[in-house]
Amino acid sequence: MTQESTFKIAFHFSPQKRAELDALTRRCGHQTAKDLMNHALTIIDWVSRKQADGYVVRAVHPTSGHAIEMNTRLHPTLSLVK
């Protein structure tokens, strides 16, 4: 038996969480949840690599200058999967 190099992940969402995911997908300009997940993984990868290189990654408001540090830890209120 050969081992495949790919694997599948199945997500099961409540109707409310699915609606939130669909809204987030549209807000981010994606057509599918798959595209949203790929984009999210790209961002997580980039942030984690920059942090490993010693950078602090921040989101900065353009007029107030208020900054929020980004990290790769999931905030509990943002969790779509339980």
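Before reading further, recall that the structure is shown in the block above.
Predicted model, so just to flag it, every value in this text is computed and none were measured.

K.L.:
Would you take a moment to explain the side chain of T25 for this structure?
P.N.:
The residue T25 is located in helix α1 (residues 15-27) in this model. In this structure the side chain of T25 is engaged in a polar contact, spanning 2.8 Å, whose partner is the backbone oxygen of L21. Not counting the four nearest positions on each side in its chain, T25 is found in contact with H30, Q31, T32, A33 and L36.

K.L.:
What am I meant to see in helix α2 (residues 33-52) here?
P.N.:
Along an α-helix, a turn takes 3.6 residues, which lines up residues three or four apart on a common side. Taking 1.5 Å as the rise per residue, α2 with 20 residues should run 28 Å; its terminal C-alpha atoms sit 28 Å apart, in good agreement. Looking one or two residues beyond α2, the residue adopting positive phi is G54, at roughly 100°.

K.L.:
I'm lost on the packing of α1 against α2 in this one. Help?
P.N.:
Helix-helix packing: each pair is described by the crossing angle between the helix axes and the interaxial distance. With their axes 9 Å apart at the nearest point, α1 and α2 run at an angle of 70° to one another. The orientation of α1 with respect to α2, classified from their angle, is roughly perpendicular. Each of L21, L24 and T25 in α1 lies in contact with α2, whose residues at this interface are A33, L36 and M37. Of the residues that constitute the contact of α1 with α2, the class distribution is five nonpolar, one polar and no charged.

K.L.:
I keep staring at the layout of surface pockets and nothing clicks. Help me out?
P.N.:
The rolling of a water-molecule-sized probe over the atoms marks out the regions of remaining empty space. Within this model, the second largest pocket holds a volume of roughly 290 Å³. Forming the boundary of the second largest pocket are F7, I9, F11, F13, L21, A33, K34, M37, N38 and L41.

K.L.:
Where do I start with the pattern of salt bridges in this structure?
P.N.:
Oppositely charged side chains may form a pair once their charged atoms are brought near each other. If you walk through the whole model with that rule in mind, you get three salt bridges. Two residues, D45 and R49, come together in a salt bridge whose shortest N-O distance is 3.0 Å. One end of the pair, D45, and the other, R49, are both in helix α2, four residues apart, so they sit about a helical turn from each other.

K.L.:
Please clarify how a nonpolar patch on the surface should be interpreted in this entry.
P.N.:
Together, F7, I9 and F11 make up a nonpolar patch on the protein surface, roughly 370 Å² of accessible area in all. Judged by relative accessible area, which is 56%, I9 ranks as exposed.

K.L.:
What is the right way to look at the side chain of H30 in this model?
P.N.:
By secondary structure assignment, the location of H30 is in the loop between α1 and α2. Residue H30 is classed as buried on the basis of its relative accessible area, which comes to 18%. A distance of 2.9 Å separates a polar atom in the side chain of H30 from a polar atom in the side chain of H39.

K.L.:
Could you clarify how one ought to interpret the packing of aromatic side chains in this entry?
P.N.:
Any pair of aromatic rings gets described here by the distance separating the centres and the angle formed by the planes. Evaluation of the coordinates by the stated rule reveals one aromatic pair. Measuring from ring centre to ring centre gives 5.9 Å for F11 and F13, while their planes differ by 20°; the resulting arrangement is stacked. Directly above the ring of Y55 sits K50, whose terminal nitrogen or CZ lies 5.5 Å from the centroid.

Thresholds applied
- Residues numbered from 1 in each chain as written.
- Predicted model: local features only at pLDDT ≥ 70, side-chain atom pairs only at ≥ 80, totals over all residues.
- Heavy atoms only, no water.
- Helix = DSSP H or I, 4+ residues; strand = E, 2+ residues; numbered from the N terminus.
- Polar contact = N/O pair within 3.5 Å; in protein donor to acceptor, adjacent residues only side chain to side chain.
- Contact = heavy atoms within 4.5 Å.
- Expected span 1.5 Å × (residues − 1).
- Axes fitted to C-alpha atoms, helices over the stretch in contact; angles between N-to-C directions.
- Parallel < 35°, antiparallel > 145°, perpendicular 65-115°, else oblique.
- Nonpolar A, V, L, I, M, F, W, Y, C, P; charged D, E, K, R; others polar.
- 1 Å grid on protein atoms, 1.4 Å probe; cavity = no way out; pocket = protein on both sides within 12 Å on 5 of 7 lines; lining within 4 Å.
- Points joined across faces, edges and corners; volume = space filled by probe spheres on them.
- Salt bridge = Lys/Arg side-chain N within 4 Å of Asp/Glu carboxyl O.
- Patch = residues over 30% accessible without salt bridge, like charges linked within 9 Å, V, L, I, M, F, W, Y side chains within 5 Å.
- Areas by Shrake-Rupley, 256 points an atom, 1.4 Å probe, with all protein chains shown as cover.
- Buried < 20%, exposed > 50% of the residue type's maximum accessible area, 1.4 Å probe, protein only.
- Phe/Tyr/Trp six-rings, centres within 6.5 Å; stacked < 30°, edge-to-face > 60°.
- Lys NZ or Arg CZ within 6 Å of the ring centre and 35° of its normal.

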